[in-house]
Structure formats: C-alpha cells, structure tokens
Amino acid sequence: MPPGILYIMNKNLWIIANFKSRKNIQEVLNWIGEVGPKLIKKDNLKIAVCPSYSCLSEAKKAIQVGNFPLLLGSQNLSNFPAGAYTGEEPAEALKEFVDLSIIGHSERRQNFKETNEQIAQKIHLANQSGIEPLLCIQGEDTLIPDVVKLVAYEPVFAIGTGTPDTPENANKVALSVKQKHSANLEVLYGGSVDEKNVKSFINQENINGILVGNASLDPLSFLNIINNCLS
Ligand code: PGA
C-alpha cells in the first residue's frame, strides 16, 4: 500500500490555510464557494481555513449552509478573558465561530512582541472555550505548554520566502518535539509549502499535516495541495 494512503487511514492529516491579513469578506466567501464543494469528507482528514476576525461570522455561515467538511480557525486570540480590554478578541466570543486558533505565529512574536507567557495564557483561554490551540513553534527549543496537542513547526527562514526547510529536517524536528513533549503530539510543518513540495512533507513519518500561507490564497492552488496529499 502506498505510504500516503496508509497515512490517511491511520492518523489525522491536517491541511490548514492561513490567509493572514490578506482577504476581505467577499474574497473569503468566494474562496469557500470554490473550495467547499470540492472537499471530500474523510474521518481523519482535517481541512481548515483561518481568515481574519472580521470574516469569521460570514465564513461560518457559508460553511454551514454548504455543509462543507471545512473547519474554521482564527489566527490569534486575546490573552485576556472577556472584559475591559478594548480592541481585544476574547476566546469566549470566538468560540461561537471557530474550531481552532493559530497561536504564537512568528509574525506575532516578531511584530507584536508576543511573549511565551502571553502565548501560554492564550492557549489556556482557548482550551477553556473549547477552541483547539494550534501552537506555532519556530524550532525544537520553542516552549510548548503541557496542554498543547497540536503544533506547527514553522522555521522563520521558510515563511513566505519560497525556501522551505527540507522534509527530512522537518521530520527530525517533529520527532524531537514529540520525544520531548508527548508521543501523542501532532506536528504540522509550515513555511513555503506548495502543491509541488507538499507530498514530500506529508510523507514524512512524524509530520501530521501542513500549515499553508501564500499557496492557500488561490483556491485552485489549495485544492491541488489537498489532491496531491491524497493521491
Ligand atoms: P507561507 O506561510 O506558506 O506563505 O510560507 C506559512 C505561515 O506563515 O503559516
């Protein structure tokens, strides 16, 4: 049996689109309208899209109306609970819309000076609200709080550069964080994943999926990524 098929039968395969601050509501709805109807439903296949906050409500409606096997995620959430925190987006409000939330992306650590302590608070609040935290780690040494079950290894040099890590090294890092943290930890790879290289990452024994930025923006490119994972 080809390794790809065995993989899908035995464990989850996560394919997650991170739109960053790049699409407005209409663009997100167009994307869902193109991608949603082509998705196949499989128990271990977890396909998710993470648009910006302002698009989540309409995106949720479109996914529900179409009954698409598509999870919805946010790209961040507040490290404060609901309260007097002007401009913040608390997990309690987001839980109405999202299944998961990206937390600790390197763009947030760099541009917004997020600390490990804030990230740990976000993870705690996400868990309390029933939102699955997807923690981005930049290397083997990034702190992973005990409660985390899903991480994405995203080396900074590979993000948006067209220069991914090698699948072999990504696999090595994934194995090492599983050994340090827990064998049950699911580890995705992110950083310049595209339709051409995706298979080489998901074929690695310790990689449980991918987090895709640029190559997720075009619906056809994202669908090709999914198809190439499954073929
Ligand atoms: P990229 O982004 O696929 O454009 O490199 C990945 C990410 O930042 O999550």
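Everything in this summary refers to the structure shown in the same document. (Residues numbered from 1 in each chain as written. Predicted model: local features only at pLDDT ≥ 70, side-chain atom pairs only at ≥ 80, totals over all residues. Heavy atoms only, no water.)

**Points about the pairing of strand β6 (residues 150-153)**
Okay, so step 1: Neither face of β6 is exposed, since Leu150 and Ala152 on one face and Val151 and Tyr153 on the opposite face are all buried.
Okay, so step 2: Of the strand pairs in this sheet, strand β5 (residues 132-137) and β6 are connected by four bridges, and their pairing is parallel. Paired with Ile137 across the two strands is Tyr153, which belongs to β6.
Okay, so step 3: Pairing between β6 and strand β7 (residues 186-190): four bridges, direction parallel. Considered in β7, the bridge of Ala152 is made with Leu188.
Okay, so step 4: In this region the chain leaves β6, passes through helix α7 (residues 167-180) and returns to the parallel neighbour β7; the handedness of that crossover is right-handed. (Buried < 20%, exposed > 50% of the residue type's maximum accessible area, 1.4 Å probe, protein only. Helix = DSSP H or I, 4+ residues; strand = E, 2+ residues; numbered from the N terminus. Pairing = 2+ DSSP bridges. Right-handed = clockwise from strand over helix to strand, strands pointing away.)

**Focus: the packing of aromatic side chains**
Okay, so step 1: Evaluation of the coordinates by the stated rule reveals five aromatic pairs.
Okay, so step 2: Ring centres 5.2 Å apart and planes at 45° place the aromatic pair Trp31 and Phe222 in the tilted group. Linking Trp31 in helix α2 (residues 25-35) with Phe222 in helix α9 (residues 219-230), this pair joins segments that are 191 residues apart in sequence. Considered together, Trp31 and Phe222 belong to a single accessibility category, that of buried residues.
Okay, so step 3: Among the aromatic residues, ring-to-ring pairing joins Phe19, Trp31 and Phe222 into one connected group.
Okay, so step 4: Over the aromatic face of Phe19 sits the side chain of Lys23, whose NZ or CZ is 5.2 Å from the ring centroid.
Okay, so step 5: For Arg108, the ring lying beneath its charged end belongs to Phe112, and the centroid distance is 4.2 Å. (Phe/Tyr/Trp six-rings, centres within 6.5 Å; stacked < 30°, edge-to-face > 60°. Lys NZ or Arg CZ within 6 Å of the ring centre and 35° of its normal.)

**Points about the site of the ligand**
Okay, so step 1: Neighbouring the ligand are 13 residues, the closest being Lys20, His105, Glu154, Gly160 and Ser192.
Okay, so step 2: Asn18 places a side-chain nitrogen or oxygen 3.4 Å from an oxygen atom of the ligand.
Okay, so step 3: Between an oxygen atom of the ligand and a side-chain N or O atom of His105, the distance comes to 2.7 Å.
Okay, so step 4: Protein chains bury 99% of the 280 Å² of accessible surface belonging to the ligand in isolation. (Near = heavy atom within 4 Å. Polar contact = N/O pair within 3.5 Å; in protein donor to acceptor, adjacent residues only side chain to side chain. Areas by Shrake-Rupley, 256 points an atom, 1.4 Å probe, with all protein chains shown as cover.)

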